[in-house]
Amino acid sequence: MDENRELVENTAGESAPDAGEETFETLIRGRYKADFEERVQKILDGRLRGLRRENERLRAQETARRQRSDAAFAALEGQQEALQQIYPEFDWQREVQKGEFARLIAAGIDARTAYEVTHREELLRRAMTYAAQRSAQQSARTVQSSRRRVSEAGTRSAAVTRSDPKALSSAQLADIRRRVMDGEKIRF
């Protein structure tokens, strides 16, 4: 395009061709055909070179993305057993058929995270149900434990009693006097 503009600018100051002069069309089809075709080819090559580079770059990116994706999907089979220990219903082949799970894996997300993201609502409901059941069980144990403690408290005395010196017999008082004489400290 720049060459065409240059050609027009170079001929802009000239007067219209006389009847004997050749026109641009006859020149590029005749005497200057090879030169004109070479120049047009250079222009096209220059423009297409950029497109070719862009296409090559895009192909390389697509190939790399596909290789990462293939590696991630190949790793799924190995991760299945470990993930089934946490989520027994996990089946990577069934999950891959779901679009969101497959997109996450292709993007490089690990299988556990991808599964948890795609099943977040279901997992949340399960966790809430489990927490409610667990809470109910603990409450029932607390009630049972409290009942046992109440009956235990009624049969035993937890208070510590000390002897009253007024209630001691003469023999006990004599024993205490002898022990005090021997240096023992007595407390009531």
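Residues numbered from 1 in each chain as written. Predicted model: local features only at pLDDT ≥ 70, side-chain atom pairs only at ≥ 80, totals over all residues. Heavy atoms only, no water.

Trainee: Can you walk me through the pattern of salt bridges in this structure?
Mentor: Close approach of charged atoms lets side chains of opposite charge pair. Under the counting rule described, the total for this entry stands at 11 salt bridges. For the salt bridge of Arg126 with Glu122, the shortest nitrogen-to-oxygen distance reads 2.7 Å. Of this pair, Arg126 and Glu122 both sit in helix α7 (residues 120–155), separated by four residues, roughly a single helical turn. Judged by its relative accessible area of 37%, Arg126 falls in the partly exposed class. (Salt bridge = Lys/Arg side-chain N within 4 Å of Asp/Glu carboxyl O. Helix = DSSP H or I, 4+ residues; strand = E, 2+ residues; numbered from the N terminus. Buried < 20%, exposed > 50% of the residue type's maximum accessible area, 1.4 Å probe, protein only.)

Trainee: I'm lost on the packing of helix α3 (residues 33–86) against helix α5 (residues 99–106) in this one. Help?
Mentor: The N-to-C vectors of α3 and α5 enclose an angle of 115°; their axes lie 8 Å apart at closest approach. As the angle between them shows, α3 and α5 are arranged roughly perpendicular. Between α3 and α5, the contacting residues are Ser69, Ala72, Phe73 and Leu76 on the first element and Phe101, Ala102, Ile105 and Ala106 on the second. Grouping the amino acids of the contact of α3 with α5 by side-chain chemistry returns seven nonpolar, one polar and no charged. (Axes fitted to C-alpha atoms, helices over the stretch in contact; angles between N-to-C directions. Parallel < 35°, antiparallel > 145°, perpendicular 65-115°, else oblique. Contact = heavy atoms within 4.5 Å. Nonpolar A, V, L, I, M, F, W, Y, C, P; charged D, E, K, R; others polar.)

Trainee: Where do I start with the side chain of Gln80 in this structure?
Mentor: Tracing the chain through its elements places Gln80 in helix α3. Gln80 sits in the buried class, given a relative accessible area of 16%. Gln80 has contacts with Phe90, Asp91 and Trp92, leaving out every residue within four places of it along the chain.

Trainee: Is there a simple way to think about helix α8 (residues 170–181) in this case?
Mentor: The periodicity of an α-helix, 3.6 residues per turn, causes residues three or four places apart in sequence to face the same way. The end-to-end C-alpha distance of α8 is 17 Å, a good match for the 16 Å that 12 residues give at a rise of 1.5 Å each. Gly183, located one to two residues past α8, shows a positive phi value of around 105°. (Expected span 1.5 Å × (residues − 1).)

Trainee: Any chance you could explain the environment of Phe188 here in plain terms?
Mentor: Along the chain, Phe188 falls in the segment after α8. Take Phe188: its relative accessible area is 40%, and that puts it in the partly exposed class. With 25 residues separating them along the chain, Phe188 and Ser163 place their C-alpha atoms 6.3 Å apart.

Everything listed here is a matter of geometry and, on its own, says nothing about what the molecule does.
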